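Spelled out from the first residue to the last, the chains are:
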Amino acid sequence: MVTRFAHAPEDIQHYDTSKLREEFLMDKIFNPGDILLTYTYNDRMIFGGVTPTTEPLEIKLSKELGVNFFLQRRELGVINIGGKGSITINGQTEEMVKQDGYYIGMGTEHVVFASADASDPAKFYVVSTPAHKTYPNKKLPFANALAKPMGDQAHMNKRTIYKYIDASQMDTCQLQMGYTVLAPGSSWNTMPAHTHARRMETYMYFDFTDPNARVFHILGKPNETRHIVLNPEQAVVNPSWSIHCGVGTSSYSFIWAMCGENQTYDDMDQIPMNELR
Ligand SMILES: O=C(O)C(=O)C[C@H](O)C(=O)CO
Ligand SMILES: [Zn+2]
């Protein structure tokens, strides 16, 4: 697990490209046979990829968090974006096909991730946030996600937001998580842009319709923006004060996850176009 510190808006004013990437980009999320995690000091979210191949994998963090086991004081959201796999929670196994999600509550001692076929491994994108209460574990199949169509082709931002972990559907301490799929030919996400000073957010981009495509992710204060160019299966941390939107050279999907003061998805401050710089 690597640590990324939190920033003030002024910090990034003089960052060059490599410094900006070093501070905000997670350039590898899925490494076969491995667990790659980032601990951001923005609301202490931990996020990353678990990619089991021949052997099952378990996130074992105790000393790093000053606890006896990873989820002792945390909750966890999972979405599989790879091949068939399974999650075994305290000894009980659930199949996890591509797009299946899971919410695992505070206090769960063992969560073991496995792939059905090492040559087409499951890719579990995981996000964990601090918790204070145990809410029930819940499988989150794609078909049950709340689908919210957004945008239109004229604005090149036709997309569907699938909310997996949403306060209207289930209880969590902080975590909100979902999956946005851009329609073929659309390239903009989250434009018009917004901030939500009450919550931070991570974005992990994947499923580019052209594997050679790139996404230009935009962050920063609305009047002082920066961009980071992303390959498929890379992620960005967005501080609460930052916009977070992007444009791709093809269509793509991304998983967003948030935590902070509230769980009100629509609690956003929309940025008028003429304020963007
Ligand atoms: O495409 C979008 O718009 C999004 O997916 C927006 C994210 O869900 C978000 O930023 C929520 O705060
Ligand atoms: Zn947002």
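A quick note: this is a predicted structure, and the numbers were derived from the prediction, not measured.

Procedures and definitions
Residues numbered from 1 in each chain as written. Chains lettered and ligands numbered in written order. Predicted model: local features only at pLDDT ≥ 70, side-chain atom pairs only at ≥ 80, totals over all residues. Heavy atoms only, no water. Helix = DSSP H or I, 4+ residues; strand = E, 2+ residues; numbered from the N terminus. Rg over C-alpha atoms; globule rule 2.2 N^0.38 Å. Buried < 20%, exposed > 50% of the residue type's maximum accessible area, 1.4 Å probe, protein only. Near = heavy atom within 4 Å. Polar contact = N/O pair within 3.5 Å; in protein donor to acceptor, adjacent residues only side chain to side chain. Nonpolar A, V, L, I, M, F, W, Y, C, P; charged D, E, K, R; others polar. Salt bridge = Lys/Arg side-chain N within 4 Å of Asp/Glu carboxyl O. Arc of directions from axis to C-beta. Contact = heavy atoms within 4.5 Å. Donors = N, O, S within 2.8 Å, 3.2 Å for Na, K, Ca; no water. Tetrahedral: all angles 85-135°; square planar, octahedral: opposite > 155°, others 65-115°. Phe/Tyr/Trp six-rings, centres within 6.5 Å; stacked < 30°, edge-to-face > 60°.

Q: Help me understand the overall build of the protein, please; the structure alone is not making it clear to me.
A: The helix and strand tally for the protein stands at 1 helix and 24 strands. Its C-alpha atoms give the protein a radius of gyration of 18 Å, within 12% of the compact-globule value 19 Å for 277 residues. If one aligns the C-alpha atoms of the protein with their principal axes, the spans along those axes are about 55 × 40 × 35 Å. Split into buried and exposed, the 277 residues of the protein put 55% on the buried side.

Q: Would you mind going over the site of ligand 1 with me for this structure?
A: Looking at ligand 1, there are 15 residues lining it, with Arg-159, Thr-180, Glu-201, Tyr-203 and Tyr-265 nearest. Measuring from an oxygen atom of ligand 1, one finds a side-chain N or O atom of Arg-159 at 2.6 Å. Within the side chain of His-196, one N or O atom sits 3.0 Å away from an oxygen atom of ligand 1. Considering every element that reaches the shell around ligand 1, the biggest residue donor is strand E23 (residues 253-260), with 3 residues. In terms of residue class, the shell around ligand 1 is made up of 7 nonpolar, 6 polar and 2 charged.

Q: What is the right way to read the pattern of salt bridges from this model?
A: Side-chain pairing between opposite charges can occur once the charged atoms of the two side chains come close. Tallied over the entire structure, the rule returns 8 salt bridges. With its nearest N and O atoms 2.9 Å apart, the salt bridge here joins Asp-207 to Lys-98. Note that Asp-207 is positioned in the loop between strand E18 (199-206) and strand E19 (215-221) and Lys-98 in the loop between strand E8 (92-96) and strand E9 (101-104), a separation of 109 residues in sequence. When its relative accessible area of 34% is taken as the criterion, Asp-207 is described as partly exposed. Overall, the relative accessible area of 35% leaves Lys-98 in the partly exposed class.

Q: In this structure, what is going on with helix H1 (residues 17-24)? I would like to understand it.
A: Given 3.6 residues to a turn, an α-helix orients residues that are three or four positions apart in the same direction. If you check which residues of H1 are buried, you get Leu-20, Glu-23 and Phe-24. Relative to the axis of H1, the buried residues are bounded by an arc of 80 degrees and lie together on one face.

Q: I'm lost on the side chain of Thr-108 in this one. Help?
A: Mapped onto the secondary structure, Thr-108 falls in the loop between E9 and strand E10 (111-115). Judged by its relative accessible area of 6%, Thr-108 is buried. Here the side chain of Thr-108 touches Gly-105 through a polar contact of 2.7 Å, landing on its backbone oxygen. Thr-108 has contacts with Phe-69, Leu-71, Ile-89, Asn-90 and Asn-137, leaving out every residue within four places of it along the chain.

Q: I'm lost on the coordination of the zinc ion (ligand 2) in this one. Help?
A: Tetrahedral coordination by four donors sets the ideal angle at the metal to 109.5 degrees; octahedral coordination by six donors sets it to 90 or 180 degrees. Ligation of the zinc ion (ligand 2) by protein atoms is provided by His-194 (NE2), His-196 (NE2), Glu-201 (OE) and His-244 (NE2), these donors lying 2.1 to 2.2 Å from the ion. Viewed at the metal, the 6 donor atoms of the zinc ion (ligand 2) are separated by angles of 74 to 176 degrees, and the geometry they form is octahedral. Sequence spacing of the donors to the zinc ion (ligand 2): H-x1-H-x4-E-x42-H. Grouping residues by exposure puts His-196 and Glu-201 together as buried.

Q: Even after reading the chapter, I still don't get unusual backbone geometry, so can you show me in this structure?
A: Working note: non-glycine residues mostly have negative phi, and peptide bonds are mostly trans. In this structure, Pro-192 follows Met-191 across a cis peptide bond, with omega equal to 5 degrees. Looking at the element boundaries, Pro-192 is found in the loop between strand E16 (188-189) and strand E17 (194-195). One non-glycine residue, Met-156, lies in positive phi territory at about 55 degrees. Accessibility expressed as a relative area gives 41% for Met-156, which makes it partly exposed.

Q: Even after reading the chapter, I still don't get the packing of aromatic side chains, so can you show me in this structure?
A: In this description, an aromatic ring pair is defined by two values, namely the gap between the centres and the angle between the planes. Under the definition given, this model contains 14 aromatic pairs. For the ring pair Phe-113 and Phe-124, a centre distance of 5.0 Å and an interplane angle of 50 degrees mean the geometry is tilted. Within this pair, whereas Phe-113 is found in strand E10, its partner Phe-124 is found in strand E11 (residues 124-130), the two being separated by 11 residues in sequence. For the residue pair Phe-113 and Phe-124, the accessibility class agrees, reading buried in each case.

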